[in-house]
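For reference, the chains in residue letters:
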Amino acid sequence: MHIDDLRRFAMLWLHKSEEVRADKDHYATNITGDIYASGWISEMYGYSFAAAELNLRHIIKSDILIYPGYVPLPGVNYKVFHYGLRFGVGDWSFDKADWRNADIVNTCWAKFPEPPDPSAITKGDQNARERDLLSIECGKALNKALYLHHKRRNCPRLSTTIGSISKKIEEVLTSNKSERVTQRSSTTTIGRNVEHMDVTRQQAVERATDTVSRVHGSKRLARSSKMWIFAVWAISVVVFLLVISMFFSDRRRSASRSRASRSQKAHNLTMKQTV
């Protein structure tokens, strides 16, 4: 988008998004297509309405972005995976909404459940095979990004405690495979799967979240203790410097008064001699 278009478009986009978000009577999935029926995509409708009012014309391209779980166009090398909805391969699936309360980013070596190996995809249907391979690629890319992030943070080497976090998450999430909802590639089926996600899987996600939160909480406590020690040390240094400063300042004032007194006496003596 050109900056001149964005300048006249941005505030109207915001205004229209706020109007859509406030219109709760029309949150329903059959009206908006929002599978969560919660105003989740208000800014998308706000964008469309604002662009229509300003008559902003768009070039639509289908070779830049794809949702994992959708069938790719033949020969297209997509630049962006938009993992906005649940997608899966076999018994494995991923939905970022399941991880809202898990601090994956700040917990060393934590990661999402690993997708299947691409070699396990043996479907005869070429479209289904390409769809599943893209889903696996997206899942692996997320975990690779997390690994590089933890590495840059200088996380300690994988120990029994830290290294078990990711395994624990995966074990909990896959412990009830037989009770999971079967995944589909179409948006309609994905919506039904989200609405009817079984309670057992949700509890598994919550247990995994608790595991990550406890480990991260202990790390946060250790960091907090170190910060308190540093704060006490810093305050002690500041107080010491203030005392020293006051001491020398008092000495300087005393010396100044002494010099002034001697000067005054010398002046008085000189006056007497003159008289």
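Before reading further, recall that the structure is shown in the block above.
Residues numbered from 1 in each chain as written. Predicted model: local features only at pLDDT ≥ 70, side-chain atom pairs only at ≥ 80, totals over all residues. Heavy atoms only, no water.

K.L.:
I tried to follow the overall build of the chain on my own but got confused; where do I start?
P.N.:
The helix and strand tally for the chain stands at 7 helices and 4 strands. Element order for the chain, N to C, with α for helix and β for strand: α-α-α-β-β-β-β-α-α-α-α. Counting every position in the chain, which comprises 275 residues, the buried fraction comes to 30%. For the chain, the share of sequence-separated contacts (at least 6 apart) that also reach a separation of at least 24 residues comes to 62%. A total of about 18,700 Å² of accessible surface is found on the chain, and carbon and sulfur atoms cover 58% of it. (Helix = DSSP H or I, 4+ residues; strand = E, 2+ residues; numbered from the N terminus. Buried < 20%, exposed > 50% of the residue type's maximum accessible area, 1.4 Å probe, protein only. Contact = heavy atoms within 4.5 Å. Areas by Shrake-Rupley, 256 points an atom, 1.4 Å probe, with all protein chains shown as cover.)

K.L.:
Looking at this structure, how should I read the packing of aromatic side chains?
P.N.:
Ring pairs (aromatic) are described by centroid distance and by the angle formed between their planes. In the structure shown here, the tally under the stated rule is 13 aromatic pairs. Relative to Phe-112, the ring of Phe-94 lies with its centre 4.9 Å away and its plane at 65 degrees, an arrangement referred to as edge-to-face. Highlighted residues: Phe-94 in strand S4 (residues 92-94) and Phe-112 in the loop between S4 and helix H4 (126-152), separated in sequence by 18 residues. Across the pair, exposure class does not vary: Phe-94 and Phe-112 are buried alike. Plain terms: the ring middles of Trp-109 and Tyr-147 are 5.6 Å apart, the flat faces sit at 35 degrees to each other, and that makes the pair tilted. Note that Trp-109 is positioned in the loop between S4 and H4 and Tyr-147 in helix H4, a separation of 38 residues in sequence. Classification of Trp-109 as buried rests on a relative accessible area of 14%. Following the ring pairs from residue to residue traces out a cluster consisting of Tyr-83, Phe-87, Trp-92, Phe-94, Trp-99 and Phe-112. In this arrangement the basic side chain of Lys-96 is found over the ring face of Tyr-83, its NZ or CZ atom lying 5.6 Å from the centre. (Phe/Tyr/Trp six-rings, centres within 6.5 Å; stacked < 30°, edge-to-face > 60°. Lys NZ or Arg CZ within 6 Å of the ring centre and 35° of its normal.)

K.L.:
How should the state of the cysteines be read in this particular structure?
P.N.:
Under the definition given, this model contains 1 disulfide. Here Cys-108 engages in a disulfide with Cys-155; their sulfurs sit 2.1 Å apart. The sign of the S-S torsion, about -80 degrees, decides the handedness of the disulfide formed by Cys-108 and Cys-155: left-handed. On the criterion of sequence distance, the pair formed by Cys-108 in the loop between S4 and H4 and Cys-155 in the loop between H4 and helix H5 (160-174) is long-range, its members being 47 residues apart. Residue Cys-108 shares its accessibility class with Cys-155, and that shared class is buried. (Disulfide = S-S within 2.5 Å.)

K.L.:
When you look at the layout of surface pockets in this model, what are you seeing that I'm missing?
P.N.:
In this approach, a probe sized like a water molecule rolls over the atoms, and the result shows the empty space that is left. Approximately 270 Å³ is the volume attributed to the second largest pocket. Along the wall of the second largest pocket there are 15 residues; nearest its centre are Trp-40, Ile-41, Met-44, Tyr-67 and Leu-85. Residues of the lining of the second largest pocket, tallied by class, amount to 8 nonpolar, 4 polar and 3 charged. For the lining of the second largest pocket, the two domains that each supply at least three residues are domain 1 (3-54) and domain 2 (60-159). (1 Å grid on protein atoms, 1.4 Å probe; cavity = no way out; pocket = protein on both sides within 12 Å on 5 of 7 lines; lining within 4 Å. Points joined across faces, edges and corners; volume = space filled by probe spheres on them. Nonpolar A, V, L, I, M, F, W, Y, C, P; charged D, E, K, R; others polar. Domains from an automatic or database assignment.)

K.L.:
How should I be thinking about the pattern of salt bridges in this particular structure?
P.N.:
Pairs may arise between side chains of opposite charge once their charged atoms sit close together. As enumerated under the stated definition, the model contains 8 salt bridges in all. Notably, a salt bridge pairs Asp-4 with Arg-7, separated by 3.2 Å at the nearest N-O pair. Of the two residues, Asp-4 and Arg-7 both sit in helix H1 (residues 3-22), 3 residues apart, roughly one turn of that helix. For Asp-4, a relative accessible area of 46% corresponds to the partly exposed category. Across the pair Lys-16 and Glu-53 runs a salt bridge, and its minimum N-O distance is 2.6 Å. Of this pair, Lys-16 sits in helix H1 while Glu-53 is found in helix H3 (residues 42-54), placing the two residues 37 residues apart along the sequence. Note on Lys-16: relative accessible area 13%, which makes it buried. Relative accessible area serves as the criterion here: at 52%, Glu-53 is assigned to the exposed category. (Salt bridge = Lys/Arg side-chain N within 4 Å of Asp/Glu carboxyl O.)

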